Amino acid sequence: MHHYPHHIGDFNSATRHLNRLERGIYRDLIELYYDTEEPLIGDVKLICRKIIAVTEEEVTAVEQVLAEFFKSNNSRYHHRRCEKVIAGYHRQQKSKSKAGKASAKARADAKYMNASDKSDSTGVEQVLDSVEPLLQHNLTGVCNQEPRTKNQEPIKRVPKKKTPGGNIPPTLAEVQEYISERNSPINAQRFVDYYETNGWRVGKNAKMKNWQSAIRNWEARRKDNQPQKSNNDGTYIE
């Protein structure tokens, strides 16, 4: 033991009748007891040698203290209080050792679990890497491990679906395409400019819903030569 509890009140009460030499000898014997953590050997001369009790007075003090405060048993000098403190110290050390081993085991288990998780993850990734080409082969008939690039495979353009009436307002290109399909005499630029000016309205307040229908109306008016009002550029005002 590196230290032991020293109860000053108890020690003074138990040793009040001793002289200074005997009190010092008693402290030396107790400290030897705690240092070796075992009862004192039954040889008084050897005990005196260990605590450096040389003079006849000192040896006599050792004998008196041993006889009063220690119990001789099996060639050993036992001290009840010292043995109680040492036993408590051993229990404490055993408990600390057990706690330390449990903590070390917990750290080792956590380290093993982390390593196991990484190993399992790597194994799954490897399986997926090996299965993916097979899935590609089953789906396409060709085992391609690398994705196709834009240069390897032509881009397929999906034709736009024409919605009834078209978008309002239409683009100039859409108007030109529609006029070209109909072989219409209407000027696409003039048509777009006219309706952009009035906010794509027909009449006074009605919002245009079908610009293709408006082109057909322009064609009909031009064919019948019955415009309500004509601009100088030949466009018709509805």
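You'll find the structure just up there.
Residues numbered from 1 in each chain as written. Predicted model: local features only at pLDDT ≥ 70, side-chain atom pairs only at ≥ 80, totals over all residues. Heavy atoms only, no water.

Caption draft 1: View of the nonpolar core. Grouped together as the largest cluster of nonpolar side chains are 24 residues, with contacts concentrated most on Leu 29, Leu 40, Val 62, Leu 66 and Phe 70. Residue contributions to this core peak at 7 residues, all from helix α2 (residues 20-36). Ignoring anything within four residues of it in the chain, the contact list for Phe 70 reads Tyr 26, Leu 29, Tyr 33, Leu 40, Val 65, Tyr 77, His 78 and His 79. Within the second largest apolar cluster, 15 residues are counted, among which are Ala 188, Tyr 194, Met 208 and Trp 218. (Core = buried A, V, L, I, M, F, W, Y, C linked by side-chain atoms within 4.5 Å. Buried < 20%, exposed > 50% of the residue type's maximum accessible area, 1.4 Å probe, protein only. Helix = DSSP H or I, 4+ residues; strand = E, 2+ residues; numbered from the N terminus. Contact = heavy atoms within 4.5 Å.)

Caption draft 2: Broad picture of the environment of Ser 184. Positionally, Ser 184 belongs in the loop between α6 (172-182) and α7 (188-197). When the C-alpha atoms of Ser 184 and Ile 215 are compared, they prove to be 8.6 Å apart, with 31 residues separating the residues in sequence. Leave out the neighbours within four places in its chain, and Ser 184 touches Ile 179, Ile 215 and Glu 219. Polar side-chain contacts of Ser 184 include one of 2.6 Å to the side chain of Glu 219. (Polar contact = N/O pair within 3.5 Å; in protein donor to acceptor, adjacent residues only side chain to side chain.)

Caption draft 3: The layout of surface pockets, seen in detail. There is about 260 Å³ of room inside the second largest pocket. Lining the second largest pocket we find 16 residues, and of these Phe 11, Tyr 26, Ile 30, His 79 and Arg 81 sit closest to its centre. Those elements that provide at least two residues to the lining of the second largest pocket are α1 (8-15), α2 and α5 (80-140). By residue class, the composition of the lining of the second largest pocket is 10 nonpolar, 3 polar and 3 charged. (1 Å grid on protein atoms, 1.4 Å probe; cavity = no way out; pocket = protein on both sides within 12 Å on 5 of 7 lines; lining within 4 Å. Points joined across faces, edges and corners; volume = space filled by probe spheres on them. Nonpolar A, V, L, I, M, F, W, Y, C, P; charged D, E, K, R; others polar.)

Caption draft 4: Broad picture of the packing of aromatic side chains. In this structure the tally under the stated criterion is 13 aromatic pairs. Measuring from centroid to centroid gives 4.4 Å for Tyr 4 and Tyr 34, while their planes differ by 25 degrees, and the two rings are stacked. Residue Tyr 4 is located in the segment before α1, and its partner Tyr 34 is located in helix α2; the two are separated by 30 residues in the primary sequence. Aromatic rings pair up to connect Phe 11, Tyr 26, Tyr 33, Phe 69 and Phe 70 into one cluster. The ring of Phe 11 is capped by Arg 27, whose NZ or CZ atom sits 5.6 Å from the centre of that ring. (Phe/Tyr/Trp six-rings, centres within 6.5 Å; stacked < 30°, edge-to-face > 60°. Lys NZ or Arg CZ within 6 Å of the ring centre and 35° of its normal.)

Caption draft 5: Examining the packing of α6 against helix α8 (residues 211-224) more closely. Following both chains from N to C, one finds α6 and α8 inclined at 50 degrees, their axes separated by 11 Å at the closest point. Taken together, the axes of α6 and α8 are oblique relative to one another. In this structure, α6 meets α8 at a crossing whose hand is right-handed. Taken together, the residues of α8 that come into contact with α6 (itself represented by Glu 174, Val 175, Tyr 178, Ile 179 and Arg 182) are Trp 211, Gln 212, Ile 215, Arg 216 and Glu 219. Of the residues assigned to the contact of α6 with α8, the class counts are 5 nonpolar, 1 polar and 4 charged. (Axes fitted to C-alpha atoms, helices over the stretch in contact; angles between N-to-C directions. Parallel < 35°, antiparallel > 145°, perpendicular 65-115°, else oblique. Left-handed = near helix turned anticlockwise from the far one by under 90°.)

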